[in-house]
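So you can see what is in the structure, the chains are spelled out below.
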Amino acid sequence: MLPHKHVTKRSTLMQDKTSIIRDHILTKLESGALRCGDKLPGAREIASETKISFLMVQKALATLTQEGLLRTEARRGTYLADNLSNLPLHNCISSFYSRYPWFSGFKELLGSRMPSIKIMKYDFNCLFEMRVTLDSQRRQDEYLDLSDVFANEFPDSEIFFKEPFRPFRTQSGKLIGVPFIFSPRVIFYNPALLESANCPLPYPGWSWKDFIKSIRILRKVLPPNRVFNWELAANMWMNFVFRAGGRLLAPEEADPVWIDHPRTRCGLSHFAELKDAIGVDDSYNIDDYDSAFARGETAFALEPRQILPLMRAKSFDQWGVVPLPLLENGIELNTQATDVICVRKGCQDKKLVAKLLRVLLSEEMQDFVGTAGYGLPVRKSSAFKGIDFSDSRDTLFLHEMPKMSAEYRLDSPELSNLVQEGINQIWRGGNTVESATGELAQAVRTFLRIRGNASQGQFSTAAVHSAASL
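Here the structure is a predicted model, which is why all the values come from computation and not from measurement. Residue positions within a chain follow its written sequence, with the count starting from 1. Owing to the predicted nature of the model, reporting of local features is limited to residues with pLDDT of at least 70; listing and counting of side-chain atom pairs is limited to 80 or more, with chain, interface and lining totals taken over all residues. Think of the side-chain values as coming from all heavy atoms in the structure, minus any hydrogens and water.

Some words on the packing of aromatic side chains
Note the threshold: Side-chain rings of Phe, Tyr and Trp, where Trp is taken by its six-membered ring, are said to pair if the distance between their centres is within 6.5 Å; with planes under 30 degrees apart they count as stacked, over 60 as edge-to-face, and otherwise as tilted. Exposure is judged per residue with a 1.4 Å probe applied to protein chains only, and the accessible area is read against the type maximum: over 50% gives exposed, under 20% gives buried, and values in between give partly exposed. Think of it this way: any DSSP run of H or I at least four residues long counts as a helix, any run of E at least two long counts as a strand, and we number them from the N terminus. Counted as over-ring charges are cases with an Arg CZ or a Lys NZ within 6 Å of the ring centre that also lie within 35 degrees of the ring normal.
Taken as a whole and assessed by the stated rule, the structure comprises 34 aromatic pairs. For the pair Tyr97 and Trp102, a centre-to-centre distance of 4.8 Å together with 55° between the ring planes defines the contact as tilted. Accessibility classification places Tyr97 together with Trp102 in one group, the buried group. Ring centres of Tyr97 and Phe180 lie 6.4 Å apart, and the angle between their planes is 40°; this geometry places the pair in the tilted category. Here Tyr97, found in the loop between strand E3 (89-95) and helix H4 (103-113), pairs with Phe180, found in strand E6 (residues 178-184); they are 83 residues apart in sequence, far enough to count as distant. Each member of the pair Tyr97 and Phe180 is classed as buried. Among the aromatic residues, those joined into a cluster by ring pairs are Phe96, Tyr97, Tyr100, Trp102, Phe106, Tyr122, Phe180, Phe368 and Tyr374. For the cation-ring pair, Arg393 lies above Trp319, with the distance from its terminal atom to the ring centre recorded as 4.0 Å.

Given below as structure tokens:
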């Protein structure tokens, strides 16, 4: 038994050293100090920089070469792999959290539980990914089915909210990603800016006419990019499609394509009216708009609860929040904002996947993000700890939770790009709502028919339902 323990201890030590070397190299890659295909410094230099023995560095580099991160040329040295953009980085998770003030605490907590995992920027190709709603849905064929792993780790699913999980289950029952946090989208507003412009404050149940009137009042005293964060993203304009009673696809219908349905066109027409009221043109720029709202510089913001840590960091508490305005004959829906844990199919280590889910969905981690105010943790107890029940602004997110939807889900990059580019023609002034949606709807029908033929040999509602379910 003693030799076995000795070998295990030595193996664990080697893994730790390899993780340190991997982290050291990837940090240089993130910073731009190294690029794909670049030659690495010599093993002695790396040993000096990391305070790890030369022999351990050599062994770590050999391991990283086997993983595909590095390549070695005889008598020339060791290089970063040329194809890292196509090869998912092992033992790495990509996220966009570095912009948030709580990131250092998250990194420290994850690192203490899983020191072998390196957190990379969102644009890096990693084996583990923290994705947003639409991104995870459109790339679902690239991800492992996590249903069995999740069920084994958490047999009591009642500890989690059910609503956030629904958009990530396919018709066949696969779980393409596990929600980490989520939030409904609502309208944030700055009372001081509205009052200084003699603009009435919004209220629950306010109408589209109320909203547009407020936008026009604000435009008399504020530039467009301080009025509202209008943008081309689907998770923005789909809010208005939902509230009009529209959607993109309705698999249960004889004609599953709803892009040219009157209700969908109604929602898009309202979004086009909003664009005109704001005065959006080629000079309109809302980069970092959520941070600008957190500094008290903008009037309205259509955002999820994820914006709260930015406001807390700026000590900005003079804000209000209401549901989106009601559309005539519409329904009360908003788009669900989710951070989703996804695992690429190339991952062979199910134990590592299980541990990652166990750590990220643990009470400790979920309490941490809940206390930070970053969205709503999927673990119920953590969400309730993070909500300020004495503040009606915060409890609004719980009230709006049953009204979330992610039925804009597009199940492939090709279909997603086709729909988004087709809709974007409207906002770019190249087409009217009617003509753009008419052309796009026919293109999507053709796309689904061809894909249905390719997969089942004929076009049918069942084929579309399984291939492009919403």
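Description of helix H2 (residues 43-50)
Put simply, the rule is: Summarising the geometry, the arc corresponds to the directions from the helix axis toward the C-beta atoms.
Looking only at H2, the buried set comprises Ala43, Ile46, Ala47 and Thr50. Relative to the axis of H2, the buried residues are bounded by an arc of 105° and lie together on one face. Lys51 sits one or two positions beyond H2 and adopts a positive phi of about 60°.

Some points on the side chain of Ser405
The condition that has to hold: Residues are treated as being in contact if the distance between any of their heavy atoms lies within 4.5 Å.
Of note, Ser405 is situated in strand E12 (residues 404-405). Judged by its relative accessible area of 8%, Ser405 falls in the buried class. Not counting chain neighbours up to four residues away, the residues in contact with Ser405 comprise Phe242, Leu333, Asn334, Thr335 and Gln336.

Quick word on the pairing of strand E8 (residues 300-303)
Selection rule: Note: two strands are recorded as paired if DSSP finds a minimum of 2 bridges between them.
Residue alternation in E8 divides its side chains into two sets, Phe300 and Leu302 and Ala301 and Glu303, and both sets are buried. Relative to E8, strand E7 (residues 186-189) runs antiparallel, the two being bridged by four bridges. Directly across from Tyr189, in E8, lies its bridge partner Phe300.

Quick word on the environment of Val186
Within the secondary structure, Val186 sits in strand E7. Given a relative accessible area of 0%, Val186 falls into the buried group. Sequence spacing of Val186 and Phe240 is 54 residues, and the spatial spacing of their C-alpha atoms is 12 Å. Val186 has contacts with Ala301, Leu302, Glu303, Val321, Val322, Leu324, Leu396, Phe397 and Glu400, leaving out every residue within four places of it along the chain.

Quick word on the sheet that holds E7
In plain terms, the rule: Geometry is summarised by axes, namely lines fitted to C-alpha atoms with helices restricted to the contacting stretch, and by angles between N-to-C directions that run from 0 to 180 degrees.
An order of E8-E7-E9 is seen for the three strands of this open sheet, with the pairing classed as antiparallel. Since the sheet does not close on itself, it has two edges, and those belong to E8 and strand E9 (320-322), each with one partner. On average, each strand axis in the sheet is tilted by 30° relative to the strand beside it, whichever way the strands run.

Quick look at the pairing of strand E4 (residues 118-121)
The condition that has to hold: The handedness rule is simple: strands pointing away from the viewer, and a clockwise path from the first strand over the helix to the second, make the crossover right-handed.
With four bridges joining them, E3 and E4 adopt parallel strand pairing. Residue pairing in the sheet places Ser94 in a bridge with Met120 of E4. For the handedness criterion, the β-α-β arrangement of E3, H4 and E4 is classed as right-handed.

Some thoughts on the pattern of salt bridges
Filter applied, for reference: The term salt bridge refers to a pairing of a side-chain nitrogen on Lys or Arg with a carboxyl oxygen on Asp or Glu at a separation within 4 Å.
Considering all chains together, one arrives at 32 salt bridges under this definition. Taking the shortest distance from any N to any O, the salt bridge between Lys118 and Asp23 comes out at 3.6 Å. Of this pair, Lys118 sits in strand E4 while Asp23 sits in helix H1 (residues 2-31), placing them 95 residues apart in sequence. The class for Lys118 is buried, based on a relative accessible area of 5%. The residue Asp82 makes a salt bridge to Arg71 at a minimum N-O spacing of 3.1 Å. Of the two residues, Asp82 sits in the loop between strand E2 (77-80) and E3 while Arg71 sits in strand E1 (residues 70-73), which places them 11 residues apart along the sequence. We classify Asp82 as exposed; its relative accessible area is 52%. Linked by salt bridges that have partners in common, Glu129, Arg131, Asp135, Arg139, Glu142 and Arg344 make up one network.

Quick look at the environment of Asn229
What counts is decided by this rule: Here a polar contact means two N or O atoms within 3.5 Å. Within protein one must be a hydrogen donor candidate and the other an acceptor candidate, and residues neighboring in sequence count only if both atoms are side-chain atoms.
Within the element layout of this structure, Asn229 appears in the loop between helix H8 (208-219) and helix H9 (234-243). We classify Asn229 as buried; its relative accessible area is 2%. If sequence neighbours within four positions are ignored, Asn229 has contacts with Met236, Tyr284, Ile286, Tyr289, Phe300, Ala301, Leu302 and Glu303. Here the side chain of Asn229 touches Glu303 through a polar contact of 3.4 Å, side chain to side chain.

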